[in-house]
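Residues per chain, in single letters:
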Number of protein chains: 2
Amino acid sequence: MYALQLQQVEEAIKTVRGKKFNAVYMIACGGSKSTFGPAQYIFDSESDLPAYVLTSNEFNYRKPKQFTPQSLVLTCSHSGNTPETVQATQAAKDMGCVTICLSNKIDSELWQAANHGVYYGWGDYNPAYGKSAMLYRMVFGVLNELSPNERFVRAIKHIDALETLVPKNKDLFAQRAAAWGKEHKREPIIYTMASGEYYPEAYSFAVCLLMEMQWIHSSSIHSGEYFHGPFEITDYDVPFLMFMSRGKTRYLDQRALNFAQKYSDKVTVIDAQEFNLGDIEEDLQSYFAAIIMTPVARQYADSIADHRGHPLSVRRYMWRMEY
Amino acid sequence: MYALQLQQVEEAIKTVRGKKFNAVYMIACGGSKSTFGPAQYIFDSESDLPAYVLTSNEFNYRKPKQFTPQSLVLTCSHSGNTPETVQATQAAKDMGCVTICLSNKIDSELWQAANHGVYYGWGDYNPAYGKSAMLYRMVFGVLNELSPNERFVRAIKHIDALETLVPKNKDLFAQRAAAWGKEHKREPIIYTMASGEYYPEAYSFAVCLLMEMQWIHSSSIHSGEYFHGPFEITDYDVPFLMFMSRGKTRYLDQRALNFAQKYSDKVTVIDAQEFNLGDIEEDLQSYFAAIIMTPVARQYADSIADHRGHPLSVRRYMWRMEY
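Computed from a predicted structure; not experimentally measured.

Colleague: Could you clarify how one ought to interpret the sheet that holds strand E8 (residues 240-244) of chain B in this entry?
Modeller: All names here are of chain B. One open sheet accounts for 4 strands, arranged E7-E6-E8-E9; its pairing is parallel. Of all the strands in the sheet, just strand E7 (217-222) and strand E9 (267-271) have a single pairing partner and so form its edges. Adjacent strand axes in the sheet meet at a mean angle of 20 degrees when their direction is disregarded. The pairing of E8 with E9 spans 5 bridges and is parallel. From the neighbouring strand, Met 244 faces E9, where its bridge partner is Asp 271. Contacting strand E6 (189-194), E7, E8 and E9, helix H10 (residues 250-263) runs over the sheet at an angle of about 155 degrees to E8.

Colleague: I tried to follow the interface of chain B and chain A on my own but got confused; where do I start?
Modeller: It is common to give the size of an interface as the accessible area lost on bringing the parts into contact. Each partner contributes residues to the interface: chain B has 65 residues there, and chain A has 65 residues. In total, chain B and chain A occlude about 5700 Å² of area from one another, counting both sides; carbon and sulfur atoms represent 57% of this. Applying the counting criterion to the chain B and chain A interface returns 8 salt bridges. The shortest N-O distance in the salt bridge between A:Asp235 and B:Arg316 comes to 2.8 Å. At the boundary of chain B and chain A, one finds 39 residue pairs in polar contact (both at pLDDT 80 or more). Ranked by residues supplied to the side of chain B that touches chain A, first place goes to helix H2 (residues 30-46) of chain B with 6 residues.

Colleague: Mind showing me how you'd approach the side chain of A:His158 here?
Modeller: Among the secondary structure elements, A:His158 is positioned in helix H7 (residues 150-158). Residues contacting A:His158, with those up to four places away along its chain left out, are A:Asp279, A:Ile280, A:Glu281, A:Leu284 and A:Phe288.

Colleague: Explain the side chain of A:Asp253 here, please?
Modeller: All names here are of chain A. Note that Asp 253 resides in helix H10 (residues 250-263). Buried within the structure, Asp 253 lacks any salt-bridge partner; its nearest side chain of opposite charge belongs to Arg 250, at an N-O separation of 6.4 Å. At 2.8 Å, the side chain of Asp 253 and the side chain of Ser 195 are in polar contact. In this structure, Asp 253 is in contact with Ala 194, Ser 195, Ser 223, Met 242, Phe 243, Met 244 and Ser 245, ignoring residues within four places of it in sequence.

Colleague: Can you walk me through the domain arrangement of chain A in this structure?
Modeller: All names here are of chain A. Partitioning chain A into domains gives domain 1 (2-148) and domain 2 (160-308). For domain 1 and domain 2, the distance between their C-alpha centres works out to 26 Å. Facing 19 residues of domain 1, the contacting portion of domain 2 comprises 14 residues. For the domain 1 and domain 2 pair, buried surface summed over both sides reaches about 1500 Å², with 68% attributable to carbon and sulfur atoms. Broken down residue by residue, the surface that domain 1 buries against domain 2 is led by Tyr 41, Pro 127 and Tyr 136, which jointly contribute 35%. Note that Arg 137 and Asp 160 form a salt bridge whose closest N and O atoms lie 3.0 Å from each other. Inspection of the region where domain 1 meets domain 2 yields 7 residue pairs in polar contact (both at pLDDT 80 or more). Mapped by element, the contributors of at least two residues to the side of domain 1 that touches domain 2 are helix H2 (30-46) and helix H6 (131-146). In terms of residue count, H2 provides more of the side of domain 1 that touches domain 2 than any other element does, 10 residues in total. Among the residues making up the side of domain 1 that touches domain 2, the classes are represented as 9 nonpolar, 7 polar and 3 charged.

Colleague: How do you make sense of the relation of the copies chain B and chain A when you look at a structure like this?
Modeller: For these two chains of identical sequence, chain B goes onto chain A by a turn of 180 degrees and a shift of 0.0 Å along the axis, with RMSD 0.0 Å. Within this description, the copies of the chain are treated as partners about a two-fold rotation axis. It is B:Ser219 whose C-alpha, among those of chain B, lies nearest the rotation axis, at 2.5 Å. Same-surface contact between copies: 100% of interface residues of chain B are shared with the interface of chain A.

Colleague: Looking at this structure, I do not really get helix H8 (residues 162-184) of chain A. What am I missing?
Modeller: Owing to its 3.6 residues per turn, the α-helix aligns residues three or four sequence positions apart on the same side. When the local axis directions of H8(A) are compared, the greatest deviation, roughly 45 degrees, occurs at A:Phe173. The set of residues buried in H8(A) consists of A:Leu162, A:Leu165, A:Val166, A:Asn169, A:Phe173, A:Ala177, A:Trp180, A:Gly181 and A:His184.

Colleague: I would appreciate a short explanation of the sheet that holds strand E6 (residues 189-194) of chain A in the present structure.
Modeller: Strand-to-strand pairing in sheets goes through backbone hydrogen bonds, with the strands running parallel or antiparallel. Residues and elements named next belong to chain A. Here we have 4 strands laid out as an open sheet, ordered E7-E6-E8-E9, and parallel in their pairing. Pairing within the sheet leaves two strands with one partner each, and these edge strands are strand E7 (217-222) and strand E9 (267-271). Within this sheet the neighbouring strands show an average axis-to-axis angle of 20 degrees, counted without direction. Contacting E6, E7, strand E8 (240-244) and E9, H10 runs over the sheet at an angle of about 155 degrees to E8.

Colleague: I keep staring at the packing of helix H6 (residues 131-146) of chain B against helix H7 (residues 150-158) of chain B and nothing clicks. Help me out?
Modeller: Two measures define how a pair of helices packs: the angle their axes make with one another and the distance between the axes. Residues and elements named next belong to chain B. For the pair H6 and H7, interaxial distance at closest approach is 9 Å and the crossing angle is 155 degrees. As summarised for this structure, H6 and H7 are arranged roughly antiparallel, according to the angle between their axes. Our pair here, H6 against H7, has a crossing hand that is left-handed. Contacts between H6 and H7 pair Phe 140, Gly 141, Leu 143 and Asn 144 from the former with Phe 152, Val 153, Ala 155 and Ile 156 from the latter. Here the residues of the contact of H6 with H7 are counted per class, giving 6 nonpolar, 2 polar and no charged.

Rules used throughout
Residues numbered from 1 in each chain as written. Chains lettered and ligands numbered in written order. Predicted model: local features only at pLDDT ≥ 70, side-chain atom pairs only at ≥ 80, totals over all residues. Heavy atoms only, no water. Pairing = 2+ DSSP bridges. Helix = DSSP H or I, 4+ residues; strand = E, 2+ residues; numbered from the N terminus. Axes fitted to C-alpha atoms, helices over the stretch in contact; angles between N-to-C directions. Contact = heavy atoms within 4.5 Å. Buried area = accessible area lost by both parts, 1.4 Å probe. Salt bridge = Lys/Arg side-chain N within 4 Å of Asp/Glu carboxyl O. Polar contact = N/O pair within 3.5 Å; in protein donor to acceptor, adjacent residues only side chain to side chain. Buried < 20%, exposed > 50% of the residue type's maximum accessible area, 1.4 Å probe, protein only. Lys, Arg positive; Asp, Glu negative; His and termini not counted. Domains from an automatic or database assignment. Nonpolar A, V, L, I, M, F, W, Y, C, P; charged D, E, K, R; others polar. Least-squares fit on C-alpha atoms with pLDDT ≥ 70 in both. Bend = angle between axes of the 7 residues up to and from the residue. Parallel < 35°, antiparallel > 145°, perpendicular 65-115°, else oblique. Left-handed = near helix turned anticlockwise from the far one by under 90°.

Set out below in structure tokens:
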């Protein structure tokens, strides 16, 4: 299967060869949308191509003027049948855009709607061929086609290392995750906080893991925004879970953390600086840490779900009714 | 003072004449950042110039590669002394960018750091010369310089009407705002919801009015994201305050609203479709409704503050310590 996945990426990348794009639109919903966050950060940092992440119906109902047949469109849906994302993908392909989708389901509606599909594995699947890994293979591949750079080649080379780096870093935080779940199982609200390429993890942890899968109130706070409103909510009994950057915006997190720790007794940090990143060079470390954060943080959700007797798979509306 | 303000805008706009920009960066924090939201939506809809809104320190610590001396930089700080925003403005000016700031304080540090300053009034000041109005004068003025269009000219012409439209629409919702404050005064958490050019209002209502000024837990949910995670938090006793679009993304709000109203007994809507917009033509109505939403919604915050005996001016950290 890995060979097929690599071939899918290669074919997708081949279609951008020699093309000149005016922008990249990454379109998806919820957790899939948040997966695109670090990719947007990478485009912002490494390329002068405008890169946007939009929730699918925002794209469907108010297409930006900058969106043209010269736009590159990346979409993602785990099931491959999210109607808004299928619609966006089809509209982009019909308009003549290069459209590439990521999905856990080959030949899904999404797959049919796109020019190219890239499969990713899930759960116990090798994380070097999981969602974020396949996205990175595609993004660094596209960047290298558009403007070749040895850094992009190195980045692609390192992706295979996720197979060992992900379990290593999960182990590093396993005990802390177990303790966090017990300590927080009676909390009615838990805030998440992050910045830069880690902010999307704070968002998806809040809306998917806590609100959707645990029915615990939550909100993701950007560390840079914390002092401009949200910090007034801080109190001794208000819990925060921070996904701390090892990249350029670490100072923002550190400053917010110093304050939060002073006035709340319930601040937890998952510090990417602690991650074991093997032989990934410094200029690429934070990009990789941002996607290793997801499986590491997932353990915190697994733990709280276990302690609350509320499996992450439970839903009251999703899959149970039409909406 | 109005004449001076118009002159400031005119001088700022004059500096973009004949220039070719690669992008617009709108940089600020908290409520000031959220003021730029509708402007970003307008750039997205009316121009092929990439337009970004960034919290100031995100800009300071990880300048995007696309940011160059050919970028147009708009910044905003009410007091004119937000350190992150002053720093961003100074850095942009030093780099050779055209930098224009909005502030309630003439000759503030921010004012000194920018090429051009535009003053806006506050509180009882004529809303046609308030923050959003001055921003719109600038944005439509810039758009019209870069690519003349009668729609932009019409938009500028309508801004004066805010003087009467704002109080009219405030009156329209005054009784409902008063009732909402009483009904919600014991709520520990209140969610806000919106989409499109109204989403920034949901964000600022959550982080500035509820979290900062009322110490009430909150989070802003994008209506398009609601069904992809957040909706599972919906329950009979979970309150939502929706800022409903009369523009292109109204369908997203309507769909989220239909669901929320079915499973929560505490859904409140401020529907921009009800706004009296005088003789503003349909193609411009939603742009104006999005900024009229702010003073209309503010009444809901005034009311809950009054019923809770917790004035909007109270802070426990801001202005009371170094951080």
